[in-house]
Amino acid sequence: WQLYIFELMKKKAPLYSHIPLVIGKNGQKLSKQHHAKPIPLENPTPLLFKALVFLQLKPEEKLKKASINELMSWGIHHWKQPEVTHTPRVFNDKI
C-alpha cells in the first residue's frame, strides 16, 4: 500500500530496508512489552556503544567515552545497511 500511495501522489518512493530483529536471551523480541531493560539515562553511552557493535558498525574504542551526540553522529555517518545481517540475533545488554 505504501508504494501505491506514492504512485498516486506522483512522488518517488523512498528506499525501504529492514534491520535484524533483536531478541533477548529468552528468544523473544527485545521490547518493553517483553520486559526489556530501558537504556540507563544516567549513563547511556556503554549500551549505545554496544548497540553500534551489534549493528556491525565496528566503532573505535575511543567512542566508549564519547558523548551521546558523538556516538549517534558516528553511527549515522558509518551506517552501511548491506553489511548488517538480516538474521535475528541476541543482544547482550550486560555492560
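Residues numbered from 1 in each chain as written. Predicted model: local features only at pLDDT ≥ 70, side-chain atom pairs only at ≥ 80, totals over all residues. Heavy atoms only, no water.

Observations concerning the pattern of salt bridges
1) Next: With the rule as written, the count across this model stands at two salt bridges.
2) Next: Measuring nitrogen to oxygen at the nearest pair gives 3.5 Å for the salt bridge that ties lysine 62 to glutamate 60.
3) Next: Here lysine 62 falls in the exposed class, since its relative accessible area comes to 64%.
4) Next: The partner of glutamate 61 in a salt bridge is lysine 64, and the shortest N-O contact between them spans 3.1 Å. (Salt bridge = Lys/Arg side-chain N within 4 Å of Asp/Glu carboxyl O. Buried < 20%, exposed > 50% of the residue type's maximum accessible area, 1.4 Å probe, protein only.)

Side note on the confidence of the model for the chain
1) Next: When pLDDT is averaged along the chain, the result is 84, and 85% of the positions lie at 70 or above.
2) Next: The secondary structure element of the chain with the lowest average pLDDT is strand E2 (residues 89–90), at 74, and the one with the highest is helix H3 (residues 68–77), at 94. (pLDDT = per-residue confidence, 0-100. Helix = DSSP H or I, 4+ residues; strand = E, 2+ residues; numbered from the N terminus.)

A short note on the packing of helix H2 (residues 45–54) against H3
1) Next: The contact between H2 and H3 brings their axes to 10 Å, and the two run at 5°. Here H3 runs roughly parallel to H2, going by the angle between their axes. Contact residues: H2 offers Thr45, Leu48, Phe49 and Leu52, while H3 offers Ile68, Leu71, Trp74 and Gly75.
2) Next: Among the residues forming the contact of H2 with H3, the class breakdown is six nonpolar, two polar and no charged. (Axes fitted to C-alpha atoms, helices over the stretch in contact; angles between N-to-C directions. Parallel < 35°, antiparallel > 145°, perpendicular 65-115°, else oblique. Contact = heavy atoms within 4.5 Å. Nonpolar A, V, L, I, M, F, W, Y, C, P; charged D, E, K, R; others polar.)

Digging into H3
1) Next: Of the positions making up H3, those classed as buried are Leu71, Trp74 and Gly75. The buried side chains of H3 occupy one side of the element, clustering within an arc of 100° when seen end-on. Within H3, the exposed residues directed more than 90 degrees away from the buried face are Asn69, Ile76 and His77.
2) Next: Packing partners of the buried residues in H3 comprise H2. (Arc of directions from axis to C-beta.)

As for the side chain of threonine 45
1) Next: By the element assignment, threonine 45 lies in helix H2.
2) Next: The class for threonine 45 is buried, based on a relative accessible area of 8%.
3) Next: Among the polar contacts made by the side chain of threonine 45, one reaches the main-chain carbonyl oxygen of alanine 66 at a distance of 3.2 Å.
4) Next: Those residues in contact with threonine 45 that sit more than four places away from it in its chain are Leu63, Lys64, Ala66, Ile68 and Leu71. (Polar contact = N/O pair within 3.5 Å; in protein donor to acceptor, adjacent residues only side chain to side chain.)

Some words on unusual backbone geometry
1) Next: In the Ramachandran plot, glutamine 56 falls in the positive-phi region, its phi being about 65° despite a non-glycine side chain.
2) Next: In this fold, glutamine 56 is placed in the loop between H2 and H3.
3) Next: The phi angle at lysine 58 is positive, at roughly 55°, despite the residue not being glycine.
4) Next: Tracing the chain through its elements places lysine 58 in the loop between H2 and H3.

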